[in-house]
Amino acid sequence: IVDFPMPQFILIGKQSVGKSRLIETLAGETFNFISGTLGSRRPTVLEFRHVDAADPSRWFIRNPQSNQWQLHPIAEVMRIVGERHNELGESVSASPIYVRIES
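Rules of the game
- Residues numbered from 1 in each chain as written.
- Predicted model: local features only at pLDDT ≥ 70, side-chain atom pairs only at ≥ 80, totals over all residues.
- Heavy atoms only, no water.
- Helix = DSSP H or I, 4+ residues; strand = E, 2+ residues; numbered from the N terminus.
- Buried < 20%, exposed > 50% of the residue type's maximum accessible area, 1.4 Å probe, protein only.
- Contact = heavy atoms within 4.5 Å.
- Areas by Shrake-Rupley, 256 points an atom, 1.4 Å probe, with all protein chains shown as cover.
- Pairing = 2+ DSSP bridges.
- Salt bridge = Lys/Arg side-chain N within 4 Å of Asp/Glu carboxyl O.
- Phe/Tyr/Trp six-rings, centres within 6.5 Å; stacked < 30°, edge-to-face > 60°.
- Lys NZ or Arg CZ within 6 Å of the ring centre and 35° of its normal.
- Axes fitted to C-alpha atoms, helices over the stretch in contact; angles between N-to-C directions.
- Core = buried A, V, L, I, M, F, W, Y, C linked by side-chain atoms within 4.5 Å.
- Patch = residues over 30% accessible without salt bridge, like charges linked within 9 Å, V, L, I, M, F, W, Y side chains within 5 Å.

### A word on the overall build of the protein chain
Logical step 1: Scanning the protein chain from N- to C-terminus turns up 2 helices and 4 strands.
Logical step 2: Taken from the N to the C terminus, the helices and strands of the protein chain come in the order α-β-β-β-α-β.
Logical step 3: Here the protein chain holds 103 residues, and the buried ones make up 26% of them.
Logical step 4: Taking the contacts inside the protein chain whose residues are at least 6 apart along the sequence as the reference set, 62% of them involve residues at least 24 apart.
Logical step 5: Carbon and sulfur atoms make up 55% of the accessible area of the protein chain, which totals about 7,400 Å².

What follows is the structure in structure tokens.
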């Protein structure tokens, strides 16, 4: 195994300019985080891992209280992420939502 730093990047842009589609294309995964408000209210950190045995892809959310990764169906991940954005109302938080996709 080669030890090298995991590439990281921040994607910033105006609303509806294709940020999510760019990440989907790079990752080879389709997702649609939906909230009842326009725009994100907190950062969403996506961690993509290649796992040969992961067919279909497996989706996890890190529990903010325990810091443990919890496996969920993709539809449930989308719902949870949307709820965590909505719970802030008009506020914005620096506290991220962590999502891992193994594919």
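### A short note on the pairing of strand S3 (residues 69-72)
Logical step 1: Two strands pair when backbone bridges link them, and strand S2 (residues 58-62) and S3 are joined in this way by 4 bridges, in the antiparallel orientation. Looking across to S3, one finds that Arg62 is bridged to Trp69.
Logical step 2: Following S2, the chain reverses through 6 residues before pairing antiparallel with S3; Asn67 in that reversal takes a positive phi of roughly 60 degrees.

### Structural notes on the pattern of salt bridges
Logical step 1: A full pass over the atoms with the stated rule returns 6 salt bridges.
Logical step 2: Between Glu102 and Arg100 there is a salt bridge; the shortest N-O distance is 3.8 Å. The exposure classification of Glu102 matches that of Arg100, with both residues buried.
Logical step 3: A network of salt bridges, in which partner residues are shared, links Glu47, Arg49, Arg58, Arg100 and Glu102.

### Structural notes on the packing of aromatic side chains
Logical step 1: Enumeration according to the criterion identifies 0 aromatic pairs in this entry.
Logical step 2: In this arrangement the basic side chain of Arg62 is found over the ring face of Tyr98, its NZ or CZ atom lying 3.7 Å from the centre.

### Notes on the sheet that holds S3
Logical step 1: Strand order across the open sheet formed by 4 strands is S1-S4-S2-S3, with mixed pairing between neighbours. Of all strands in the sheet, those bounded by a partner on one side alone are strand S1 (44-49) and S3. Across the sheet, the axes of successive neighbouring strands diverge by a mean angle of 25 degrees, strand direction being ignored.
Logical step 2: Examined bridge by bridge, S2 and strand S4 (residues 97-102) share 4 bridges and lie antiparallel to one another. In the sheet register, Ile61 faces S4, and the bridge partner there is Val99.
Logical step 3: Running at roughly 30 degrees to S2, helix H2 (residues 74-86) makes contact with S1, S2, S3 and S4 of the sheet.

### Looking at the nonpolar core
Logical step 1: Ile23, Phe31, Trp59, Ile61, Val77, Met78, Ile80, Val81, Ile97, Val99 and Ile101 together form the largest nonpolar core, which totals 11 residues.
Logical step 2: Counting residues per element, the ones that place at least two in this core are S2, H2 and S4.

### Description of a nonpolar patch on the surface
Logical step 1: Together, Phe9, Leu11, Leu22 and Leu26 make up a nonpolar patch on the protein surface, roughly 400 Å² of accessible area in all.
Logical step 2: Leu22 gets classed as partly exposed once you look at its relative accessible area, which sits at 41%.

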